[in-house]
Amino acid sequence: MKKALLAATAVASAVAASLVAAPLASASGWDRHDRSAVPFTEATVTAGADGSFTLQWKARGTDRVEIKANGRVVAKGGSQGRAVVKGLPAADRQWFDFKPGRGQGLRLADRLIKLDGTANFRDAGGYRTSTGQWVRMGEIYRSDALDKLTGNDLAKLQRLRVRTVFDLRMEDERTKAADQVPAGATYVFAGSGSFQTMPRTPDEAVKAMVDAERAMVSGAGGRKAYTQVFEGIERDRSRSVLFHCTAGKDRTGWAGAALLTALGVPRETVEADYLASNDYRKAANDAILSHLPAQQAAVYKPLLDVRPEYLNAGYDAVKAEYGSFDRYLKDGLGIDARELKELKRDLLVG
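Keep in mind that this is a model prediction, so the values were computed, not measured. (Residues numbered from 1 in each chain as written. Predicted model: local features only at pLDDT ≥ 70, side-chain atom pairs only at ≥ 80, totals over all residues. Heavy atoms only, no water.)

Some details on unusual backbone geometry
Stated precisely, the cut-off is as follows: For helices the rule is a DSSP run of H or I covering at least 4 residues; for strands it is a run of E covering at least 2, with both sets numbered from the N terminus onward.
Even without being glycine, Asn 70 reaches a positive phi, approximately 55 degrees. Within the secondary structure, Asn 70 is located in the loop between strand S3 (65-69) and strand S4 (72-77). Located in the positive-phi region is Arg 161, a residue other than glycine, with phi close to 70 degrees.

Given below as structure tokens:
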């Protein structure tokens, strides 16, 4: 049992399994401080296994919403609605333009990027902030390991403009399973350390995951890795940017949570996005656990899961170490107020 803590997730990435799509999380609500030009309080696109797309929306201050795909209207309705769209031509990614009768529209797609070699490759955008702005889609992606990408996968990522890849794995992980990177993309090794001893009980496993999350914030390796990612996202005007680890849920999960928090996405929405890895990785995780003895599976399950207490441990570490998230960005990751403002200007709509 003496092996790297991340061995479980490394095995998970090696399992070829079907994907159970997670529901798209969307922020809702509005307060008097909301001055966004985007009237949508909710808007989601969910791809079905049969090739259909379910569109849902809520918008205030308008009685008409029209949705286009490939330049033609595929759905319309009032300020609140739901539509199922079928029969669209095959595409790398199907985009939908949500156009309200008044105000600024949104361009959205299903969060999942379907690839043969990954299970948890998804868009980090498409979420509403507490001020009513929206995080652009098609700019920042997050994923599990890229070592099993096929030629078709790489061509697809090239067409999706993935130009910078940040690898958050450890050195031994990337040595054993080197990234496949789309042509023309820049590869950046931003790895950080982790625990080296396999837990012996489920409680030890949970504690190890909580401690690992804290180390992402307070450890020197974590600060260095996330500084590289944030600075890379802030400086790269030719996005798209991709960050990933082995399972795309822990180190990648904190990177995604930190980015969304920095952009002003509410905590409950950030948590929903973080926990979605449980759904995207369900088939792969179930396959791993089914091949283990019951006692060993009980220890592995907390390592394969993402849980609220893991994410909360990261936020708790931010509060204990820095006092506030803004101070974490500035003192921990080197993103000052001017750079954060530029990041929001680039990545937010509204």
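Looking at the sheet that holds strand S7 (residues 106-109)
Which entries qualify depends on this criterion: When DSSP locates at least two bridges between a pair of strands, those strands are taken to pair. Helix axes use the C-alpha atoms of the stretch in contact, all axes being lines fitted to C-alpha atoms, and the angles between their N-to-C directions lie in the range 0 to 180 degrees.
Read from one edge to the other, the open sheet built from four strands follows the order S4-S3-S6-S7, with strand pairing classed as antiparallel. Both edges of this open sheet fall to S4 and S7, since each of them pairs with a single strand only. This sheet shows a mean twist of 25 degrees between the axes of neighbouring strands, independent of strand direction. Examined bridge by bridge, S3 and strand S6 (residues 95-100) share four bridges and lie antiparallel to one another. Pairing of Glu 66 across the sheet is with Lys 99, part of S6.

Examining the packing of helix H6 (residues 251-263) against helix H7 (residues 267-275)
Rule in force here: For this classification, under 35 degrees means roughly parallel, over 145 means roughly antiparallel, 65 to 115 means roughly perpendicular, and everything else is oblique. Two helices crossing with the near one rotated counterclockwise from the far one by less than a right angle form a left-handed crossing, whereas a clockwise rotation gives a right-handed crossing. The contact definition used throughout considers only heavy atoms, calling two residues in contact when any of these lie within 4.5 Å.
Packing of H6 against H7 brings their axes to within 10 Å, and their N-to-C directions diverge by 160 degrees. By the criterion of interaxial angle, the relationship of H6 to H7 is roughly antiparallel. Between H6 and H7 lies a crossing whose hand is right-handed. Mapping the contact onto sequence places Gly 253, Ala 257, Leu 260 and Thr 261 in H6 and Val 270, Asp 273 and Tyr 274 in H7.

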